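Geometric and topological summary
Listed here are the chains, written in short residue letters.
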Number of protein chains: 2
Amino acid sequence: MNISRFTDYSLRVLIYLAAAKETSHIITIKEVAERYQISKNHLMKVVQELSANNHINATRGKNGGIKLNTAPENINIGQLVRSIEQGSTLVECFGKDNQCVITSSCQLKRMFAQAMESFFDCLDQYTLADLIKGENKAELRQVLMIPIE
Amino acid sequence: MNISRFTDYSLRVLIYLAAAKETSHIITIKEVAERYQISKNHLMKVVQELSANNHINATRGKNGGIKLNTAPENINIGQLVRSIEQGSTLVECFGKDNQCVITSSCQLKRMFAQAMESFFDCLDQYTLADLIKGENKAELRQVLMIPIE
DNA sequence: TAAAAGATGCATTTTAAATGAATCTTATTT
DNA sequence: AAATAAGATTCATTTAAAATGCATCTTTTA
């Protein structure tokens, strides 16, 4: 059972931006990629999608960068992961080119769909704010070398 | 979000065997692979694991074959999927070679672990028997061309 | 107008999973 | 005993999705 690195990176970007909130320092994709030591190219695409979904605001050009578009409290983890992972195929029968011969008389799809809903419903309990609560925020700022100012 | 074909095939084998229960006809891996139109080689490995976990009984030699080791009611879907998918890496920080720099101050792992538990807990509600209930059994026997006798 | 940022499209690499193939082991039947 | 038919095992190969890299385009600001 796994979730794409794309989704993982999406969350990392949001955590970075949330941890750096209330800071005057401008954040770029390059910086985020360097601090996390992950591929800048991949991160560009991740940012592009987050931006397309209005979770973050990306500005081009000199002094451009990325920042959160809403308060961390308003970014729900379940909804976010759902939206990124939508279109993924949990098992063959969820996919477009399903070849399973018993599909019509198989109850598995129903069960798995329900289980997946439980998974997301659980994540629905949390928002981005829960990820930078308490001591976490300071710790994240430190590990990610986000200047406090 | 996805689950391996290995797990999918495991369920298909069990469904086949459950649907063919109370039938005198001996079932071989070859037959199951043919009916589902899937790789016999892969299925062999699937069967091997199901057999190692005592879910099914495999006998070699002439007139050998595979059959369920317990009543379908006793094979829990959640437990089964859990056992096959154990060791899979939901996201990087679940894995052995986790490189994520914020791991120590990140709450995501906890949240995802909880969500995964919800997923399996949901599947825990069902057993193999639920997959061959009512009309399903007859339908499965027909699609899979299992002789009724 | 130069520099610095993100956007985009295409190519390549990586990796895990799936599949194939060959051989080994076990059991049964003749 | 020998032949046959089943699963078990090991190693090699293929596949497909995801990730990454690269080049170029677009936008913004100093």
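Now for a quick tour of the structure. Because the structure is predicted, anything quoted here is derived from the model rather than measured.

1. Remarks on the interface of chain A and chain B
Opposite the 44 residues of chain A that make contact, chain B presents 44 residues. Note on chain A versus chain B: buried area summed over both sides is about 4400 Å², and carbon and sulfur give 68% of it. Between chain A and chain B we count two salt bridges in total. At the junction of chain A and chain B, the tally comes to 15 residue pairs in polar contact (both at pLDDT 80 or more). Broken down by secondary-structure element, the contributors of at least two residues to the side of chain A that touches chain B are α1 (5-19), α2 (29-36), α4 (77-85), α5 (108-123), α6 (128-131) and α7 (135-143) of chain A.

2. Section: the environment of N63(B)
On the secondary structure map, N63(B) appears in the loop between β1 (56-59) and β2 (65-68). Along the backbone, N63(B) and K96(B) are 33 residues apart, and their C-alpha atoms lie at a distance of 43 Å.

3. Digging into the protein's contact with DNA strand D
In the neighbourhood of DNA strand D, 24 residues make up the surrounding shell, with R5(A), K45(A), I29(B), Q48(B) and R60(B) lying closest. Taking the atoms of DNA strand D that fall within 4 Å of the protein, sugar and phosphate contribute 66% of them. In this structure, Y9(A) approaches DNA strand D through a side-chain N or O atom, which is 3.4 Å from a phosphate oxygen. The separation between a base oxygen of DNA strand D and a polar side-chain atom of K45(A) is 2.5 Å. Each residue belonging to the surface near DNA strand D can be placed in one class, and the counts come to five nonpolar, twelve polar and seven charged.

4. Overview of helix α4 (residues 77-85) of chain B
Given 3.6 residues to a turn, an α-helix orients residues that are three or four positions apart in the same direction. Of all nine residues making up α4(B), seven are buried, and the element is well covered by its neighbours. The secondary structure elements touched by the buried residues of α4(B) are α5 of chain A together with α1 (5-19), α3 (40-52), α5 (108-123) and α6 (128-131) of chain B. In this structure N76(B) caps α4(B), since a side-chain oxygen of it lies 2.8 Å from the backbone nitrogen of G78(B). Looking one or two residues beyond α4(B), the residue adopting positive phi is G87(B), at roughly 90 degrees.

5. Details of the relation of the copies chain A and chain B
Look at the two chain copies: a rotation about an axis and a shift along it is all it takes to match them. The two copies are related by a screw motion: chain A maps onto chain B through a turn of 180 degrees and a shift of 0.0 Å along the axis, at an RMSD of 0.0 Å. In the structure described here, the two chain copies are related by an operation that fits a two-fold rotation axis. Taking C-alpha positions as the reference, the residue of chain A nearest the rotation axis is F119(A), at 2.5 Å. Both copies contact each other with a shared surface, as 100% of the interface residues of chain A are interface residues in chain B too.

What counts as what
- Residues numbered from 1 in each chain as written.
- Chains lettered and ligands numbered in written order.
- Predicted model: local features only at pLDDT ≥ 70, side-chain atom pairs only at ≥ 80, totals over all residues.
- Heavy atoms only, no water.
- Contact = heavy atoms within 4.5 Å.
- Buried area = accessible area lost by both parts, 1.4 Å probe.
- Salt bridge = Lys/Arg side-chain N within 4 Å of Asp/Glu carboxyl O.
- Polar contact = N/O pair within 3.5 Å; in protein donor to acceptor, adjacent residues only side chain to side chain.
- Helix = DSSP H or I, 4+ residues; strand = E, 2+ residues; numbered from the N terminus.
- Near = heavy atom within 4 Å.
- Nonpolar A, V, L, I, M, F, W, Y, C, P; charged D, E, K, R; others polar.
- Buried < 20%, exposed > 50% of the residue type's maximum accessible area, 1.4 Å probe, protein only.
- Least-squares fit on C-alpha atoms with pLDDT ≥ 70 in both.

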